[in-house]
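Here are the chains, one letter per residue:
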Amino acid sequence: MRMGIRDAKKRTQGVAKLLPGLLLCFTIAAAAGFLSDHYGGPVMLFALLLGIAFHFLSQEGPCIAGIEFTARKLLRVGVALLGARVTLQQIESLGAGPLALVISCVVATILTGWGLARLLRRSREFGLLTGSAVAICGASAALAVSSALPQTREAERDTLFTVIAVTTLSTIAMILYPIVFGLFGFSDTVVGVLLGATIHDVAQVVGAGYAVSDEAGDIATYVKLLRVAMLPIVVLILAFSYRAASRRAAEESGGSIPSGWASFPWFAVGFAVLLLVNSTGVIPAQGQEALVLTSRWLLIAAISALGVKTSLKAMAALGARHIGVIVAETVFLASLALTMTILLLGHL
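A few points on the structure. Computed from a prediction, not measured in an experiment: that's the story for all the values here. Within each chain, residues carry numbers counting from 1 in the order of the written sequence. Under the rules for a predicted model, residues below a pLDDT of 70 receive no local features and side-chain atom pairs below 80 are neither given nor counted, while totals for whole chains, interfaces and linings still include all residues. The basis for every side-chain value is the complete set of heavy atoms in the structure, and neither hydrogens nor water enter the calculation.

Observations regarding the packing of aromatic side chains
Line of reasoning, step 1. Each pair of aromatic rings taken from Phe, Tyr and Trp, with Trp reduced to its six-membered ring, is defined by centres within 6.5 Å and is described as stacked if the planes are under 30 degrees apart, edge-to-face if over 60, and tilted in the remaining cases. Using the criterion set out here, one finds four aromatic pairs in the structure.
Line of reasoning, step 2. Judged by centre distance (6.4 Å) and plane angle (35°), the rings of Phe-54 and Phe-56 are tilted.
Line of reasoning, step 3. In this scheme, a residue with accessible area under 20% of its type's maximum is buried, one over 50% is exposed, and one in between is partly exposed, where area comes from a 1.4 Å probe on protein chains only. By relative accessible area, which is 33% here, Phe-54 ends up partly exposed.

Written out as structure tokens, the structure reads:
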């Protein structure tokens, strides 16, 4: 009986310790949502910038534990719930042409990011992070992939930089790409495929597609969802690869080997399982909407927490090479998608 009371007391104390930081992160998330709804603009970017303004709260005080919990644990829950956004049926409905285009562009862009990072003397993790964010779905992919990579202070800084960069570049692409692709005289169908295959964030894909036509908007959204469907595959590959590498390093150094269950990438497995379950149609529309909405708010809160943990001084110290990597990846993706579209035009 006493043991039960003691355990309950510890749990209560644990929740109380997390509460100030949780309230801070979700308050910033709510403020970011308000700004996005009323004034336009990407909610992730608002959350990030507002979070950075409260950086001092991550240095000392009662908010630290809750900020860490939101940036790590709640981030992974939000990533897992992203599986409710896409189904296997949506993938199949696109046919072979867009599927070949998307798979080729995603794989090539991630490998290019890795190569560019090594060429410009950045870490391979930075190349994989930025390459995945550009190739798949912008800020959401950056958060998901960062969860699969080694958790370091540099990794958090790189994640914040990537979110800022892909959001900015995605907004520029939303304005520029419809004009550029229109110069080639493509049909609305082909323009929709190109927009869905090249713009980083879902919101900007939707904005650019429907600015061209309803047909282009519908197709751009489906192609974008196909890119999103690549996320669990990439995250699982990275998570298991780094998990295996950490075990080998521990064995070689004689150190302790991470616990199999503790280091298992459950969030990535959850993403994949939810995608499959969602594909069966057993989740009602209201349930799916609730899962997507919960995922959205958890990710906004997580990016708020990461913003609070990041100083502008540290971001400024990254230099031009960081920017060069992600801009080059963006240009590479657009060029590859355009070239492949011309080659596959009869199959789109």
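Section: a nonpolar patch on the surface
Line of reasoning, step 1. The grouping of Ile-179, Leu-183, Phe-184 and Ile-342 at the surface amounts to a nonpolar patch, some 430 Å² of accessible area in total.
Line of reasoning, step 2. The topology assignment puts Phe-184 in the loop between α8 (153–182) and α9 (188–198).
Line of reasoning, step 3. Taking the relative accessible area as the measure of exposure, Phe-184 reaches 42% and is therefore partly exposed. Patch definition: residues above 30% relative accessible area lacking any salt bridge, with like charges linked at up to 9 Å and the nonpolar side chains Val, Leu, Ile, Met, Phe, Trp and Tyr linked at up to 5 Å. Each accessible area value is a Shrake-Rupley result obtained with a 1.4 Å probe; residue values ignore everything except the protein chains displayed when judging cover. Each reported salt bridge corresponds to a side-chain nitrogen of Lys or Arg within 4 Å of a carboxyl oxygen of Asp or Glu. Numbering of helices and strands runs from the N terminus, with a helix taken as a DSSP run of H or I at least four residues long and a strand as a DSSP run of E at least two residues long.

Description of a negative patch on the surface
Line of reasoning, step 1. Counted as positive: Lys and Arg. Counted as negative: Asp and Glu, with His and the chain ends omitted from the count. To locate a charge, take NZ of a lysine, CZ of an arginine, CG of an aspartate or CD of a glutamate. On the surface, a cluster of negative charge is made up of Asp-188, Asp-214, Glu-215 and Asp-218.
Line of reasoning, step 2. In terms of residues, the negative patch owes the most to one element, helix α11 (residues 214–229), which gives three residues.
Line of reasoning, step 3. Structurally, the position occupied by Asp-214 is in helix α11.

What about the environment of Ala-144?
Line of reasoning, step 1. Within the secondary structure layout, Ala-144 lies in helix α7 (residues 138–148).
Line of reasoning, step 2. Each C-alpha atom, one on Ala-144 and one on Arg-76, is 7.3 Å from the other, the two residues being 68 residues apart in sequence.

Examining empty space enclosed by the protein
Line of reasoning, step 1. For each structure, a 1 Å grid was placed over the protein atoms alone; sets of points admitting a 1.4 Å probe that cannot get out are labelled cavities, open sets with protein on both sides within 12 Å along at least five of seven lines are labelled pockets, and lining residues have an atom within 4 Å of a point. Grid points are joined across faces, edges and corners, and a volume is the space filled by probe spheres set on the points. As enumerated under the stated definition, the model contains one cavity of 30 Å³ or more in all.
Line of reasoning, step 2. Taken as a whole, the largest cavity holds about 90 Å³ of empty space.
Line of reasoning, step 3. Lining of the largest cavity is provided by Ala-71, Arg-72, Leu-75, Ser-146, Gln-151, Ala-155, Glu-156, Thr-159, Leu-306 and Lys-309.
Line of reasoning, step 4. Counting residues per element, the ones that place at least two in the lining of the largest cavity are α3 (64–81) and α8.
Line of reasoning, step 5. Side-chain classes follow a simple rule in which Ala, Val, Leu, Ile, Met, Phe, Trp, Tyr, Cys and Pro form the nonpolar group, Asp, Glu, Lys and Arg form the charged group, and the remainder, Gly included, forms the polar group. The residue makeup of the lining of the largest cavity, split by class, is four nonpolar, three polar and three charged.

Quick word on unusual backbone geometry
Line of reasoning, step 1. Of note, the phi angle at Arg-121 is positive, near 60°, even though the residue is not glycine.
Line of reasoning, step 2. Taking relative accessible area as the criterion, Arg-121 reaches 69% and is therefore assigned exposed.

Some remarks on the environment of Val-205
Line of reasoning, step 1. Among the secondary structure elements, Val-205 is positioned in helix α10 (residues 202–212).
Line of reasoning, step 2. Overall, the relative accessible area of 0% leaves Val-205 in the buried class.
Line of reasoning, step 3. As for Val-205 and Ser-170, which are separated by 35 residues in sequence, their C-alpha atoms are 8.4 Å apart.
Line of reasoning, step 4. Ignoring sequence-local partners within four residues, the contact set of Val-205 consists of Leu-195, Gly-196, Ile-199, Ala-220, Thr-221 and Lys-224. A contact between two residues is defined here by any heavy atoms of the two lying within 4.5 Å.

Describing the pattern of salt bridges
Line of reasoning, step 1. Scanning the entire structure with this criterion turns up three salt bridges.
Line of reasoning, step 2. A salt bridge links Glu-68 to Lys-309; its shortest N-O distance comes to 3.1 Å. With Glu-68 in helix α3 and Lys-309 in the loop between α14 (285–308) and α15 (312–316), this pair connects stretches of sequence that are 241 residues apart.
Line of reasoning, step 3. On the basis of relative accessible area, Glu-68 is assigned to the partly exposed category, the value being 29%.
Line of reasoning, step 4. Of the charged contacts, one joins Arg-157 and Asp-158 as a salt bridge, the two residues approaching to 3.7 Å between their closest N and O atoms.

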